[in-house]
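Per-entry structural report
The chain contents come next:
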Amino acid sequence: MPADLRTRIGHLDLPSPILTASGCAGTGRELAQFTDVARIGAVITKSISLEARAGNPAPRMAETPSGLLSSVGMQGPGLDGFLQRDLPWLLSRGARAFVSVAGHTTREYGEVASRISDSAGVTAIEVNLGCPDAAAAGRPFALDPAAAGAVVAAVRGSVRYDIPVFAKLSPEVTDIVAVARACVAAGADGLSLINTLPGMVIDPVTFRPALAGASGGLSGPAIRPVAVSCVWTVREALPDVPIIGSGGVRTGRDALEFLLAGASMVAVGTVLFHDPSACSRIQRELEEELSARGVDRVSDIVGRAHQPAGYAADRHGWI
Amino acid sequence: MANSDRDGGVGGVAPVQVRGTVLTVRRVDAYVAMTVVAPAIATRFRPGQFIAIAVGGPQSGMLARRTFSVHDVRPDHGGTVEFVFPPREPGAQWLAECRARDVLDVVGPLGRPFPVPRDPASCLLLGVGPGAAPLFALASRLTERGANPDFLLGAESADRVFGALTARRIGRSAVITTTDGSLGARGSVVDMLPTAVQQARTDVIYASAPLSVLRSVCALAGRYGIPVQALVSEPAMTCGTGLCMGCVLPAVGNDGITRMVRACVDGPVFRGDQVRWDDVGTIPFDALGAPGWKPRPGPAAAAAGASAASGQPGSGGATTADGRASDGRSPEGRSNAG
């Protein structure tokens with residue numbers, strides 16, 4: 001019997017813990033050509049800002065060992081375009097939409113979140129705290145517990161009570177638990193770990209940075225151990241807070257690793273550029289990995305790595 | 001509404017992801033020509049479209065797909081796809097080392113194909129280096145319609161000119177240029193363009209070349225009032241499917257608004273006068289959503305915002321309030337030829 005991938009968190013009821021990570025699924029249409037978006041857990045949209053954004057100049061991408069350095073600059077249609085075109089399309093395909101919200105000020109986050117919450121059909125909101133804070137000379141909100149908490153409070157205060165709010169944190173901090181605690185105290189229903197790591201590639205031909213914007217965010221399997229460690233650390237400190245784990249998930253086994261570390265859901269990001277049907281494949285592989293270990297329900301193994309050694313092996317008799 | 005979305009691409013046929021078996025790998029001068037059995041891609045293909053291949057095997061550390069314009073498709077083995085590339089960077093080298101019966105993960109056909117004129121027209125096909133490859137499928141299509149095209153091919157040296165012999169065989173005329181003069185005329189295709197255009201009485205130019213050449217070609221063609229359909233190969237694509245937003249360039253829509261469009265889904269074939277060649281690699285200050293950009297007041301602004309997601313040049317009216325698709329994307333409507 002295949003393992004049950006149903007994932008229930010508070011009001012949320014998802015058919016699978018596998019999601020698409022923010023900014024990696026286009027509008028959903030591009031992905032739908034290769035994957036049934038209704039059958040994956042949910043689509044986390046690219047970050048929606050109030051106004052349309054042209055993004056950063058090209059080149060925006062550079063390949064790195066098992067990773068990708070990117071600096072897209074949140075190109076997108078803005079809130080109006082998203083609500084008129086993209087969200088209705090996702091819902092018409094039966095997808096569950098986790099809408100990622102962005103802003104430059106606490107107020108902008110609140111405004112975007114409030115209008116998204118007013119439009120029917122949104123399943124959850126993810127707060128992209130990686131945006132530069134206009135009030136702090138462009139320092140990302142996620143680097144400062146107080147700034148991150150203020151944004152989460154503004155978003156939580158402007159969305160309907162039954163729409164869960166997830167705060168997406170950056171690994172680029174000394175103490176990720178402090179930021180996590182601040183977000184939870186400000187009303188976050190869950191956390192999303194992790195955003196990209198800062199990185200740079202220099203072109204040996206031009207003697208210049210490979211990206212037009214010099215530095216970018218590193219993602220892909222190269223950062224997976226960092227992400228797993230962040231999920232583990234936060235789960236250890238805040239065992240009751242649901243976590244969306246992301247960072248280089250490529251196979252069902254990778255997803256299993258995040259679940260064991262304490263993530264209740266797993267988002268697939270950069271790997272979608274490599275394999276646009278990755279979500280369906282990972283979902284199938286996860287099912288097989290769980291069945292092979294005699295696990296009936298995916299929820300049974302969330303955070304299992306925090307239990308003492310030997311417990312799992314005794315219970316299930318594998319290894 | 002859904003039909004006007006990009007699910008089906010321009011041809012109304014969605015790309016597929018298949019496991020294709022390598023049939024042949026051979027050296028052609030400085031390039032490698034590879035044929036892969038992929039019936040689902042071959043039957044959907046239209047000239048100008050490309051494929052995206054995963055390189056390095058299942059556990060590859062190279063995450064970006066390599067994209068290649070399709071040289072030609074053939075009906076043997078149910079349908080094969082041929083493409084040509086210089087084996088320079090590590091991903092292409094890995095691919096060049098594949099052998100017959102190896103299996104590749106291939107996505108395609110992708111992108112907007114070359115629009116083909118409704119009536120016979122005098123077409124000049126201009127290609128530089130491996131960029132010439134996609135022009136030959138187009139040439140067959142044009143010949144079927146009774147319009148033998150003229151060729152203008154160029155490269156740095158003789159071994160980098162792709163398809164010179166075929167061009168001479170199937171073209172009404174064929175001009176070859178090389179920078180070092182080792183084949184044909186010494187110089188660049190841009191130098192020979194005025195003569196070629198005048199001799200052939202060209203109605204439309206199809207060009208596939210590096211950005212700098214496309215810019216010069218479009219500037220010259222603009223002076224003669226000849227429309228250009230330009231196939232761009234830069235900025236490099238990472239996914240090929242429109243997901244990553246990496247391959248953007250600024251293009252003006254029919255509504256006069258500049259948008260950052262993706263070469264992979266809105267191109268790779270663009271109308272030459274719609275790409276802002278001088279601004280590639282920048283965000284023009286008047287591009288939709290550029291820092292400080294403000295929507296113009298009135299209904300036009302709402303339409304601009306709504307179509308920003310698609311970013312399709314020429315889709316200014318593509319998604320009107322009632323969701324009706326305009327013919328802005330119909331191939332015949334865009335070439336102005338014939």
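This is a predicted model, so every value here is computed, not measured. (Residues numbered from 1 in each chain as written. Chains lettered and ligands numbered in written order. Predicted model: local features only at pLDDT ≥ 70, side-chain atom pairs only at ≥ 80, totals over all residues.)

1. Describing the overall build of chain A
Within chain A, the regular secondary structure consists of 10 helices and 18 strands. The principal-axis extents of the C-alpha atoms in chain A amount to approximately 55 × 50 × 40 Å. A total of 319 residues make up chain A; the buried ones form 62% of that total. Taking as baseline every contact in chain A between residues at least 6 positions apart, the subset at least 24 positions apart corresponds to 71%. (Helix = DSSP H or I, 4+ residues; strand = E, 2+ residues; numbered from the N terminus. Buried ≥ 20, exposed ≤ 12 C-beta atoms within 10 Å, placed from the backbone. Contact = placed C-beta atoms within 7 Å.)

2. As for the overall build of chain B
Each helix and strand counted, chain B has 8 helices and 15 strands in total. For chain B, with 338 residues in total, the buried portion stands at 55%. Pairs at least 24 apart in sequence give 65% of the contacts found in chain B among residues at least 6 apart.

3. Looking at the sheet that holds strand 6 (residues 67-70) of chain A
Strand pairing within a sheet occurs via backbone hydrogen bonds; the two strands may be parallel or antiparallel. All names here are of chain A. Taken together, 4 strands build an open sheet; the order of strands is 5-6-16-13 and the sheet is antiparallel. One side of each edge strand has no neighbouring strand; the edge strands of this open sheet are strand 5 (61-64) and strand 13 (197-200). The mean angle between the axes of side-by-side strands here comes to 40 degrees, regardless of whether they run parallel or antiparallel. By the bridge criterion, 3 bridges tie strand 6 to strand 16 (residues 215-219) in an arrangement that is antiparallel. Considered in strand 16, the bridge of Leu 68 is made with Ser 219. (Pairing = 2+ DSSP bridges. Axes fitted to C-alpha atoms, helices over the stretch in contact; angles between N-to-C directions.)

4. Structural notes on the nonpolar core
For soluble globular proteins, the rule of thumb is that nonpolar side chains tend to be buried together. Residues Ile 125 of chain A together with Ile 51 of chain B are the most contacted members of the largest nonpolar core, which totals 213 residues. The element contributing the most residues to this core is helix 4 (residues 145-158) of chain A, with 8 residues. (Core = buried A, V, L, I, M, F, W, Y, C linked by C-beta atoms within 7 Å.)

5. Examining the sheet that holds strand 8 (residues 122-128) of chain A
Taken in spatial order, the 8 strands line up as 3-4-7-8-11-12-17-18 (chain A) and close into a barrel, and their pairing is parallel. The average undirected angle you get between the axes of adjacent strands in this sheet is 25 degrees.

6. Considering the interface of chain B and chain A
Across the contact, 37 residues belong to chain B and 44 residues belong to chain A. Elements with a minimum of two residues in the side of chain B that touches chain A: strand 13 (248-252) and helix 7 (299-307) of chain B. Of the residues contributing to the side of chain B that touches chain A, the split by class is 23 nonpolar, 10 polar and 4 charged. (Nonpolar A, V, L, I, M, F, W, Y, C, P; charged D, E, K, R; others polar.)

7. Here's the deal with the environment of Ser 170 of chain A
Residue and element names in this part refer to chain A. Here Ser 170 is to be found in the loop between strand 11 (165-169) and helix 5 (176-185). For Ser 170, a count of 23 C-beta atoms within 10 Å translates into the label buried. For the pair Ser 170 and Phe 141, spaced 29 residues apart in the sequence, the C-alpha separation amounts to 9.2 Å. If we ignore the near neighbours within four places in the chain, the residues touching Ser 170 are Leu 129, Gly 130, Pro 140, Ala 142, Leu 143, Ile 194 and Asn 195.

8. Remarks on the pairing of strand 7 (residues 97-101) of chain A
Residue and element names in this part refer to chain A. Judged by how many residues are buried, strand 7 sits mostly within the fold: 5 of 5 residues are covered. Of the two faces of strand 7, the one lined by Ala 97, Val 99 and Val 101 and the one lined by Phe 98 and Ser 100 are each fully buried. Pairing of strand 4 (residues 42-44) with strand 7, which is carried by 2 bridges, proceeds in the parallel orientation. The partner of Val 43 across the bridge, within strand 7, is Ala 97. Both strand 7 and strand 8 contribute to a ladder of 5 bridges, which runs parallel. Note on strand 8: the bridge partner recorded for Phe 98 is Ala 124.

9. So, the environment of Gly 57 of chain B
Residue and element names in this part refer to chain B. As for its placement among the helices and strands, Gly 57 is situated in the loop between strand 3 (50-53) and strand 4 (66-74). Under the C-beta neighbour-count criterion, Gly 57 is labelled exposed, with 12 such atoms within 10 Å. The spatial distance from the C-alpha of Gly 57 to the C-alpha of Trp 94 is 9.2 Å, given a sequence separation of 37 residues.

10. Some words on helix 7 (residues 252-261) of chain A
Residues and elements named next belong to chain A. Burial within helix 7 is extensive, with 9 of its 10 residues counted as buried. Of all the residues in helix 7, the buried ones are Gly 252, Asp 254, Ala 255, Leu 256, Glu 257, Phe 258, Leu 259, Leu 260 and Ala 261. On its buried side, helix 7 packs onto strand 3 (18-20), helix 6 (224-237), strand 17 (243-246), strand 18 (265-268) and helix 9 (278-292). Backbone geometry just downstream of helix 7 places Gly 262 in the positive-phi region, at approximately 125 degrees.

11. Re the packing of helix 3 (residues 106-118) of chain A against helix 4 of chain A
Residues and elements named next belong to chain A. At a minimum axis separation of 8 Å, helix 3 and helix 4 run at an interaxial angle of 30 degrees. Taken together, the axes of helix 3 and helix 4 are roughly parallel relative to one another. Considering how the two elements wind past one another, helix 3 and helix 4 form a crossing that is right-handed. Residues Thr 106, Arg 107, Tyr 109, Gly 110, Ala 113, Ser 114 and Ser 117 of helix 3 touch helix 4, and the partners they reach there are Ala 150, Val 151, Ala 154, Val 155, Gly 157 and Ser 158. A per-class count over the contact of helix 3 with helix 4 returns 6 nonpolar, 6 polar and 1 charged. (Parallel < 35°, antiparallel > 145°, perpendicular 65-115°, else oblique. Left-handed = near helix turned anticlockwise from the far one by under 90°.)

12. Side note on unusual backbone geometry
In the segment running from Leu 193 of chain A into Ile 194 of chain A, the intervening peptide bond is cis, with an omega of 10 degrees. On the secondary structure map, Ile 194 of chain A appears in the loop between strand 12 (190-193) and strand 13. Note that the residue after Gly 267 of chain B, namely Pro 268 of chain B, is joined by a cis bond; omega there is 5 degrees. Along the chain, Pro 268 of chain B falls in the loop between strand 14 (258-262) and strand 15 (269-271). Positioned with a positive phi, Ser 66 of chain A is a non-glycine residue whose angle comes to about 50 degrees. Inspection of the secondary structure puts Ser 66 of chain A in the loop between strand 5 and strand 6. The backbone of Met 74 of chain A shows a phi angle near 50 degrees, a positive value even though the residue is not glycine. Its 21 C-beta neighbours within 10 Å are what place Met 74 of chain A among the buried residues.

13. Describing the confidence of the model for chain B
Note that predicted coordinates carrying low pLDDT should not be read in detail. Residue and element names in this part refer to chain B. When pLDDT is averaged along chain B, the result is 83; 83% of the residues meet or exceed 70. For the stretch residues 1-11, pLDDT sits under 50, and the model shows 25 contacts to residues farther than four places along the chain or on other chains. Note on the complex model: pTM 0.88, ipTM 0.90. (pLDDT = per-residue confidence, 0-100.)

14. Focus on the packing of helix 5 (residues 189-200) of chain B against helix 6 (residues 211-224) of chain B
Residue and element names in this part refer to chain B. One way to put it is that helix 5 packs onto helix 6 with a least axis distance of 10 Å and a crossing angle of 25 degrees. By the angle between their axes, helix 5 is roughly parallel relative to helix 6. Note that helix 5 runs across helix 6; the crossing there is right-handed. The segment helix 5 lies against helix 6, with Val 189, Val 190, Leu 193, Pro 194 and Val 197 engaging Val 213, Ser 216, Val 217, Leu 220 and Tyr 224. A per-class count over the contact of helix 5 with helix 6 returns 9 nonpolar, 1 polar and no charged.

15. So, the environment of Ala 54 of chain A
The topology assignment puts Ala 54 of chain A in the loop between strand 4 and strand 5. Since 26 C-beta atoms lie within 10 Å of it, Ala 54 of chain A is described here as buried. Between the alpha carbons of Ala 54 of chain A and Met 74 of chain A there is a distance of 7.8 Å; along the sequence they are 20 residues apart. Aside from chain neighbours lying at most four places away, what touches Ala 54 of chain A is Gln 75 of chain A together with Met 260, Ile 283, Ala 287, Leu 288, Gly 289 and Ala 290 of chain B.

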